[in-house]
Amino acid sequence: QAGVPCNWMGCQNARTGVAYAGFATYYSTPNGREYIATRLFDSLKPGKQYCVEFYVSRAGKSIGAIDRVGAYLSKDSIFQNHIYVLPFQPQIEHPQGNIIYDSTNWVLISGQYTVQGGEKFITIGNFYPDSLTSVDSLGSSSGIGVYFYVDDVKVWCCGADSCIITPPPPPPPTPIENFFIPTAF
């Protein structure tokens with residue numbers, strides 16, 4: 001059952017506000033994954049530096065913990081109708097080998113990215129196969145299922161130069177030659 005703060009995977013207060021989302025990052029189906037995705041308010045500007053941050057917390061009823069959680073920014077939706085690893089390299093990643101155990105606090109995942117231009121979707125999840133994901137079973141012998149909550153996803157321009165693209169100035173007025181106004185005299 002879905003809900004905040006308690007749901008089928010445990011209890012966690014939202015980091016801010018009143019809600020968060022959740023997704024499976026590793027489970028018994030080989031390379032099984034879930035992802036969270038959304039469209040950004042506006043397309044990102046080419047060549048500009050953007051900061052990306054989000055917070056995760058391992059769900060209390062997760063059977064295991066992993067290190068691989070990241071964000072992939074794209075021009076188009078990368079939704080695929082299956083439960084397996086998506087074949088994309090995230091631009092923002094939690095450090096490899098640093099397993100996220102915390103199920104009480106929120107863990108910040110952040111980074112900077114110089115965009116290609118036109119990116120308007122963000123997808124968050126584990127983009128690596130089981131063989132490249134560090135896993136701790138936390139002593140379980142009945143299989144592993146790792147679920148994370150995510151909150152406070154942010155993408156903003158953070159480079160030295162502004163991300164606001166200023167339109168070129170309007171052309172100068174064109175002089176009107178041989179302009180005639182008839183008079184009523």
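Residues numbered from 1 in each chain as written. Predicted model: local features only at pLDDT ≥ 70, side-chain atom pairs only at ≥ 80, totals over all residues. Heavy atoms only, no water.

(A) Fine view of unusual backbone geometry. For the bond from Val4 to Pro5, the omega torsion is 10 degrees, close enough to zero to count as cis. Of note, Pro5 is situated in the segment before β1 (6-7). Unusually for a residue other than glycine, Asn31 sits at a positive phi of about 60 degrees. Tracing the backbone through its elements, the reader meets Asn31 in the loop between β3 (21-26) and β4 (36-39). For Asn31, a relative accessible area of 26% puts it in the partly exposed group. (Helix = DSSP H or I, 4+ residues; strand = E, 2+ residues; numbered from the N terminus. Buried < 20%, exposed > 50% of the residue type's maximum accessible area, 1.4 Å probe, protein only.)

(B) Just the nonpolar core, in detail. Residues Phe54, Val56, Val69, Ile124 and Phe148 are the most contacted members of the largest nonpolar core, which totals 25 residues. Contributions of two or more residues to this core are made by β3, β5 (49-58), β7 (70-74), β9 (107-114), β10 (121-125) and β12 (146-157). Looking at this core element by element, the count peaks at four residues for β5. Apart from the residues within four sequence positions on either side, Phe148 is in contact with Ala21, Gly22, Phe23, Thr25, Val56, Ser57, Arg58, Ala59, Ile66, Val69 and Ile100. The next biggest cluster of nonpolar side chains, apart from the first, holds 10 residues, and it includes Met9, Ala14, Tyr20 and Tyr55. (Core = buried A, V, L, I, M, F, W, Y, C linked by side-chain atoms within 4.5 Å. Contact = heavy atoms within 4.5 Å.)

(C) View of the pattern of salt bridges. Overall, the coordinates contain five salt bridges when judged by the stated rule. Its salt-bridge partner being Glu53, residue Lys154 comes within 3.8 Å of it at the nearest N-O pair. On the criterion of sequence distance, the pair formed by Lys154 in strand β12 and Glu53 in strand β5 is long-range, its members being 101 residues apart. Overall, the relative accessible area of 39% leaves Lys154 in the partly exposed class. With a closest N to O distance of 3.4 Å, Arg68 and Glu93 form a salt bridge. Separated by 25 residues along the polypeptide, Arg68 in the loop between β6 (65-66) and β7 and Glu93 in strand β8 (residues 92-93) bring together distant segments of the chain. (Salt bridge = Lys/Arg side-chain N within 4 Å of Asp/Glu carboxyl O.)

(D) Summary view of the side chain of Ser74. You can see Ser74 is positioned in strand β7. Since its relative accessible area comes to 6%, Ser74 is described here as buried. Within the structure, Ser74 has its side chain in polar contact with the backbone oxygen of Asp76 (distance 2.7 Å). Leave out the neighbours within four places in its chain, and Ser74 touches Glu119, Lys120 and Phe121. (Polar contact = N/O pair within 3.5 Å; in protein donor to acceptor, adjacent residues only side chain to side chain.)

(E) How the structure looks around the sheet that holds β9. On the basis of which strands lie adjacent, the open sheet formed by four strands has the order β3-β12-β5-β9 and antiparallel pairing. Unpaired on one side and paired on the other, β3 and β9 mark the two borders of the sheet. Taking the axes of each pair of neighbouring strands and ignoring which way they run, one obtains an average angle of 35 degrees across the sheet. Both β5 and β12 contribute to a ladder of eight bridges, which runs antiparallel. What sits directly across from Cys51, in β12, is Trp156. (Pairing = 2+ DSSP bridges. Axes fitted to C-alpha atoms, helices over the stretch in contact; angles between N-to-C directions.)

(F) The arrangement of the layout of surface pockets in detail. Its boundaries defined by the atoms lining it, the largest pocket holds a volume of some 260 Å³. Along its surface, the largest pocket is lined by 15 residues, and Leu40, Phe41, Asp42, Leu44 and Val155 are the ones closest to its centre. Going through the elements one at a time, β4 and β12 are the ones with two or more residues in the lining of the largest pocket. The biggest single contributor to the lining of the largest pocket is β12, with five residues. For the lining of the largest pocket, a count of residues per class yields nine nonpolar, two polar and four charged. Every residue lining the second largest pocket is listed: Arg33, Glu34, Tyr35, Ile36, Ala37, Ile78, Phe79, Gln80, His82, Tyr84, Leu86 and Thr123. Taken together, the residues that form the lining of the second largest pocket break down as seven nonpolar, three polar and two charged. (1 Å grid on protein atoms, 1.4 Å probe; cavity = no way out; pocket = protein on both sides within 12 Å on 5 of 7 lines; lining within 4 Å. Points joined across faces, edges and corners; volume = space filled by probe spheres on them. Nonpolar A, V, L, I, M, F, W, Y, C, P; charged D, E, K, R; others polar.)

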